[in-house]
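# Commentary on secondary and tertiary structure
Here are the chains, one letter per residue:
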Amino acid sequence: MLKHPILLPIALMLLLALLTFWINQNVQEQALKMNILNRQAPDYMLYNFVSTRTDASGNTKYVLAAAKMRHFPANDYTELQRPRFTQFGLNKPYTQIYGQQGRVSANGKLVEFSKQVKVIRQASATKPETQMQTERLWLEPDTEVAHTDQPVVIRQKPATVITGTGMRFDNRADTMQLFNRVHVHYERPPVASNLASPAQASNTERQ
């Protein structure tokens, strides 16, 4: 027992101090956990998200859309569901990219497409439509360069099929590189001839 009169108040003060310290530590730990959880969770989200980029003349350069967009403050990246990207250019066909999932880097310079990624380059006056399929694709919208380290399948009308692993596509330069295990199946498109056969010419002359 505490017989000295001054010991009891001192003991109570020490107990109170320990209790205050314990409460303070628990509050700080809980606040830290909540802060971590809050930063890992999205701070905002949008449905039917559409972002348009134009050049200095006001012409549309590209459009990035998604069924759902979520922004995560922890790493400052943006997550996309069913992203759709359309790249426009003057006097050349537009290119579209689809995927089931996507992610935009913090600075917006890199867009990642994943799961059932499909690229469609519209036909031009000199080239037929080209389609490409892969499972992951990284795109730099400002430089118009796309690349992947995954297997790809490229189809060009009417019946050309190219497969490989690893690809780099430069839309501005209109070049495509495949790096490994490249296989090509090519069929020459039929050429329509304007020259009549001898039999047809003979029939025409008789008429």
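Residues numbered from 1 in each chain as written. Predicted model: local features only at pLDDT ≥ 70, side-chain atom pairs only at ≥ 80, totals over all residues. Heavy atoms only, no water.

The name an unreviewed UniProt entry gives the chain is LPS export ABC transporter periplasmic protein LptC, with Methylophilus glucosoxydans as the organism.

## Considerations on the overall build of the chain
Just so we agree on the cut-off: Numbering of helices and strands starts at the N terminus; helices are DSSP runs of H or I of at least 4 residues and strands are runs of E of at least 2. Three exposure classes are used, based on accessible area relative to the maximum for each residue type with a 1.4 Å probe and protein chains only: buried under 20%, partly exposed in between, and exposed over 50%. Whether two residues touch is decided by their heavy atoms; if any such pair falls within 4.5 Å, the residues are in contact. Accessible areas in this description were obtained via Shrake-Rupley with a 1.4 Å probe; residue shielding takes into account the shown protein chains only.
The helix and strand tally for the chain stands at two helices and 11 strands. Per-residue burial for the chain yields a buried fraction of 26% across its 207 residues. Here the analysis covers contacts within the chain between residues at least 6 apart in sequence; of these, 34% occur between residues at least 24 apart. By element, 56% of the accessible surface of the chain is carried by carbon and sulfur atoms, the whole surface being about 14,500 Å².

## Things to note about the environment of A123
Tracing the backbone shows A123 in the loop between β7 (111-121) and β8 (130-140). A residue is classified by how much of its surface remains accessible, and A123, at 47% relative accessible area, is partly exposed. For the pair formed by A123 and Y94, sequence separation is 29 residues and the distance between their alpha carbons is 8.8 Å. In this structure A123 touches P93, P128 and E129, once residues within four positions along its chain are discounted.

## Comments concerning the pairing of strand β4 (residues 84-87)
Going by this rule: Strands were regarded as paired on the criterion that DSSP finds at least two bridges between them.
The sheet contact formed by strand β2 (residues 60-72) and β4 spans four bridges and is antiparallel. If you follow A65 over to β4, its bridge partner there is R84. Where β4 meets strand β5 (residues 95-98), four bridges bridge the pair, whose relative direction is antiparallel. Paired with R84 across the two strands is Y98, which belongs to β5.

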